[in-house]
Amino acid sequence: MDNRIVINILRFIGLILLQVLVIDNIRLGYYIHPYIYVLFIFLLPFNIHSWKLLLLGFLCGFSVDLFNGTPGLNAAATVMMSFARPFIINAMTRRKEINPNDEPSLNNMGISWFFVYSLLLLAIHNITLFILETFSFKLIGVVLTQTLMSVFSSTLLIFIILLLFKKSNKKLQKNYLMKFN
C-alpha cells in the first residue's frame, strides 16, 4: 500500500477520534464549537478526484455524526466544504504555482495561504452546520456568532496540531544526527 494512503488513513482515524473523544467533550460555552476533524479534508492532495473528495467528506462528517448522534449534520457540512474546496484552491492559486501531487500544507503553501484557505473552508463548514442545526433564519445572529467563534477556535486548534506535527527541515535533521554519530 502506498505510504500516502497509510498516512491519510491514520490521519482520518486520529482526527475523528480526537474530535469525538476529546474536543467534543470540552465545553467552551454555547457559541464555541471547534471542529478539527475537517483538517483531514484540508490536507488531501490537490489532484484528488472530485468524487473521491466528496465521498471522503461524507465519510468524515458521517463518522462524527455516528459518534455524536447528529443525523447527517456534520456529513452535510463536510460535503459542502469538500464541494467548495477545489473552487477555493483555484481562486487562491495559479496552476503553475502548485504541484498537483502535493497536499495543501504549511510546508507547501506557507502560513498565510493556509490561514486564508482554512478560514474560508471552516466558514463554509460552520455556517452550513449551524444553519442546518437551527433550521431557522430567525436565529441568524446566533448562527453568525457561533460561526465566527467556532472558526476562530477551530483555526487556532488546527494550527497548533499542524505545528506539532510539522515536517521538519531535512538538513536540520541531518546536522542533528551527525552531531550524535
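Everything quoted here is computed from the prediction, not taken from an experiment. (Residues numbered from 1 in each chain as written. Predicted model: local features only at pLDDT ≥ 70, side-chain atom pairs only at ≥ 80, totals over all residues. Heavy atoms only, no water.)

## Let's talk about the pattern of salt bridges
For the structure shown, the criterion picks out one salt bridge. Ionic pairing is found between Arg11 and Glu103, a salt bridge with its closest N-O pair at 3.6 Å. You can see Arg11 sitting in helix H1 (residues 3-21) and its partner Glu103 sitting in the loop between helix H4 (73-92) and helix H5 (106-109), a full 92 residues away along the chain. Here Glu103 falls in the buried class, since its relative accessible area comes to 13%. (Salt bridge = Lys/Arg side-chain N within 4 Å of Asp/Glu carboxyl O. Helix = DSSP H or I, 4+ residues; strand = E, 2+ residues; numbered from the N terminus. Buried < 20%, exposed > 50% of the residue type's maximum accessible area, 1.4 Å probe, protein only.)

## Considerations on H4
Relative to the 28 Å expected for 20 residues at 1.5 Å per residue, H4 spans 28 Å between its end C-alpha atoms, a close match to the ideal helical length. The complete set of buried residues in H4 reads Leu73, Asn74, Ala75, Ala77, Thr78, Met81, Ser82, Ala84, Arg85, Ile88 and Ile89. Here the buried face of H4 lies against helix H2 (39-42), helix H3 (50-68) and helix H6 (111-134). (Expected span 1.5 Å × (residues − 1). Contact = heavy atoms within 4.5 Å.)

## Comments concerning the packing of H1 against H3
Here H1 crosses H3 at 35°, and the two axes come no closer than 10 Å. As H1 runs across H3, the sense of the crossing is right-handed. Contacts from Phe12, Ile16, Gln19 and Val20 of H1 reach H3 at Leu59, Cys60, Ser63, Val64, Phe67 and Asn68. Taken together, the residues of the contact of H1 with H3 sort by class into seven nonpolar, three polar and no charged. (Axes fitted to C-alpha atoms, helices over the stretch in contact; angles between N-to-C directions. Left-handed = near helix turned anticlockwise from the far one by under 90°. Nonpolar A, V, L, I, M, F, W, Y, C, P; charged D, E, K, R; others polar.)

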